[in-house]
Amino acid sequence: MHSPLPDGPVRSLEIDDLPACQRLAEARDWGREDRKWRFLFSVGDVYGIDDRNGELAGTVVSTPYGKDVAAISMVLVAERHERRGLGSRLMRHAMEDAGTAGFCLTATDYGRPLYERLGFRSVGLCTSYQGEVENLVRQGVSVPAGASDMASVHALDTQVFGADRAQLIDGLPTFCETLRVVRDGPEIRGFGGFWRNDDQVVVGPVIAQDTETALALVADIVPPGPVRLDIDHRHPELITWAESHGLRPSFTTTVMEHGAPLTGDPSRLYLPVAQALG
Ligand SMILES: CC(C)(COP(=O)(O)OP(=O)(O)OC[C@H]1O[C@@H](n2cnc3c(N)ncnc32)[C@H](O)[C@@H]1OP(=O)(O)O)[C@@H](O)C(=O)NCCC(=O)NCCS
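Residues numbered from 1 in each chain as written. Predicted model: local features only at pLDDT ≥ 70, side-chain atom pairs only at ≥ 80, totals over all residues. Heavy atoms only, no water.

(A) Layout of helix H6 (residues 166-175). When we look at burial in H6, the residues that qualify are Leu168, Ile169, Gly171, Leu172 and Phe175. Looking straight down H6, one finds its buried side chains confined to an arc of 165 degrees; they lie on one side. Opposite its buried face, H6 presents the exposed residues Asp170 and Thr174, each directed more than 90 degrees away. Summarising the contacts, the buried residues of H6 are in contact with helix H2 (34-43), strand S3 (56-65), helix H5 (150-161), strand S8 (178-184), strand S9 (187-197) and strand S10 (200-208). (Buried < 20%, exposed > 50% of the residue type's maximum accessible area, 1.4 Å probe, protein only. Helix = DSSP H or I, 4+ residues; strand = E, 2+ residues; numbered from the N terminus. Arc of directions from axis to C-beta. Contact = heavy atoms within 4.5 Å.)

Encoded structure:
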């Protein structure tokens, strides 16, 4: 028996709505992901639909990078309201509001048919490798990123991602527990970091000029204990690295895009900041 369908508008959520977002996420067997939600509230636009019981019936986040592309994430609908159009309504609202030429996201099997109906196309797969890293040999090629490195980090990120993610890059030194760069004269050859999602370390972003630098950065930044690397299948060398260091595949999502293709160079985007942000 269905509960009455929420009939209110899609509204912009504020940080005060975070506990309700987390209750919805936990009810769908997602984690609380406090750090990630807070970062998304600071760099993105969070939307929701109120349920009649004072809870949220659904959420979606769009993080626009200028007018080029917006990363869509946290598409969640309360189980009691599933398959009644709320997910599609939230998505259409977020996409119209962002008004960007394109959109990107990674889809669970639950979400993929919904996105396909909205015109998203699959462009690849991303597998989350998890476990404790074994046989680690630190490469010592990187140094902690200083304030003076951030202009180079921004420049390399824009070149590789294909859109200006200035606000996201500005937030990285706070969001990431570790952020390191491989310097090359006045420029950098790459940057990488990790952040903590609940009790798990997520390694990313890693963006580098070449695979050797990327792998050396990963080896420099992974801390002891359980880690997670979300690896795009475009990077078999990273999959080999993960497997040979004791990590195991946990789950796979589909990488999807909508509208204008990104003009960057995904071959140099080794690990995303987060699946939610690209
Ligand atoms: C994925 C998710 C957001 C979908 O939300 P939703 O509100 O059920 O989405 P919609 O109702 O718009 O669409 C879902 C399906 O219901 C169908 N539908 C929509 N309105 C309907 C109606 N009135 N009657 C019958 N079916 C309907 C749609 O056609 C769609 O079918 P399809 O998936 O076979 O193409 C929700 O299942 C969810 O939160 N899942 C867990 C978290 C998750 O995996 N999120 C996706 C992250 S990428």
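(B) Representation of the site of the ligand in the model. Near the ligand lie 21 residues; those nearest to it are Val75, Glu82, Arg83, Gly85 and Ser88. Separating an oxygen atom of the ligand from a side-chain N or O atom of Ser88 is a distance of 2.4 Å. Isolated, the ligand exposes 940 Å² of accessible area, and the fraction of that covered by the protein chains is 75%. Breaking the shell around the ligand down by element, the ones donating at least two residues are strand S4 (69-77), helix H3 (86-98), strand S5 (102-107) and helix H4 (112-117). A total of four residues in the shell around the ligand trace back to one element, the largest contributor, which is H4. (Near = heavy atom within 4 Å. Polar contact = N/O pair within 3.5 Å; in protein donor to acceptor, adjacent residues only side chain to side chain. Areas by Shrake-Rupley, 256 points an atom, 1.4 Å probe, with all protein chains shown as cover.)

(C) Focus on the packing of aromatic side chains. Tallied over the full model, the rule gives five aromatic pairs. Ring geometry for Phe175 versus Trp195: centroids 4.7 Å apart, planes at 35 degrees, classification tilted. Highlighted residues: Phe175 in helix H6 and Trp195 in strand S9, separated in sequence by 20 residues. Accessibility assignment for this pair places Phe175 and Trp195 in one class, buried. (Phe/Tyr/Trp six-rings, centres within 6.5 Å; stacked < 30°, edge-to-face > 60°.)

(D) Looking closely at the domain arrangement of the chain. Assigned domains within the chain: domain 1 (10-100) and domain 2 (128-254 + 266-271). The C-alpha centroid of domain 2 is placed 26 Å from the C-alpha centroid of domain 1. Summed over both partners, the interface of domain 1 with domain 2 comes to about 1100 Å²; 60% of that surface belongs to carbon and sulfur atoms. Looking at the side of domain 1 facing domain 2, the largest losses of area belong to Arg35, Phe39 and Tyr65, adding up to 57% of the total buried there. If you look at where domain 1 meets domain 2, you find zero salt bridges. Per-class residue counts for the side of domain 1 that touches domain 2 are four nonpolar, three polar and six charged. (Domains from an automatic or database assignment. Buried area = accessible area lost by both parts, 1.4 Å probe. Salt bridge = Lys/Arg side-chain N within 4 Å of Asp/Glu carboxyl O. Nonpolar A, V, L, I, M, F, W, Y, C, P; charged D, E, K, R; others polar.)

(E) Broad picture of the state of the cysteines. Within the structure shown, the criterion is met by zero disulfides. Take Cys176: it sits in no disulfide, and the sulfur closest to it among the cysteines is that of Cys126, at 17 Å. (Disulfide = S-S within 2.5 Å.)

(F) Quick look at H5. A rise of 1.5 Å per residue sets the reference length of H5, with its twelve residues, at 16 Å; its end C-alpha atoms lie 16 Å apart and thus fit the reference within 8%. Met150, Ser152, Val153, Leu156, Asp157, Val160 and Phe161 are the residues of H5 that are buried. When H5 is viewed along its axis, its buried side chains cluster within an angular range of 155 degrees and face the same direction. Directly after H5, the chain includes Gly162, whose backbone phi takes a positive value near 90 degrees. (Expected span 1.5 Å × (residues − 1).)

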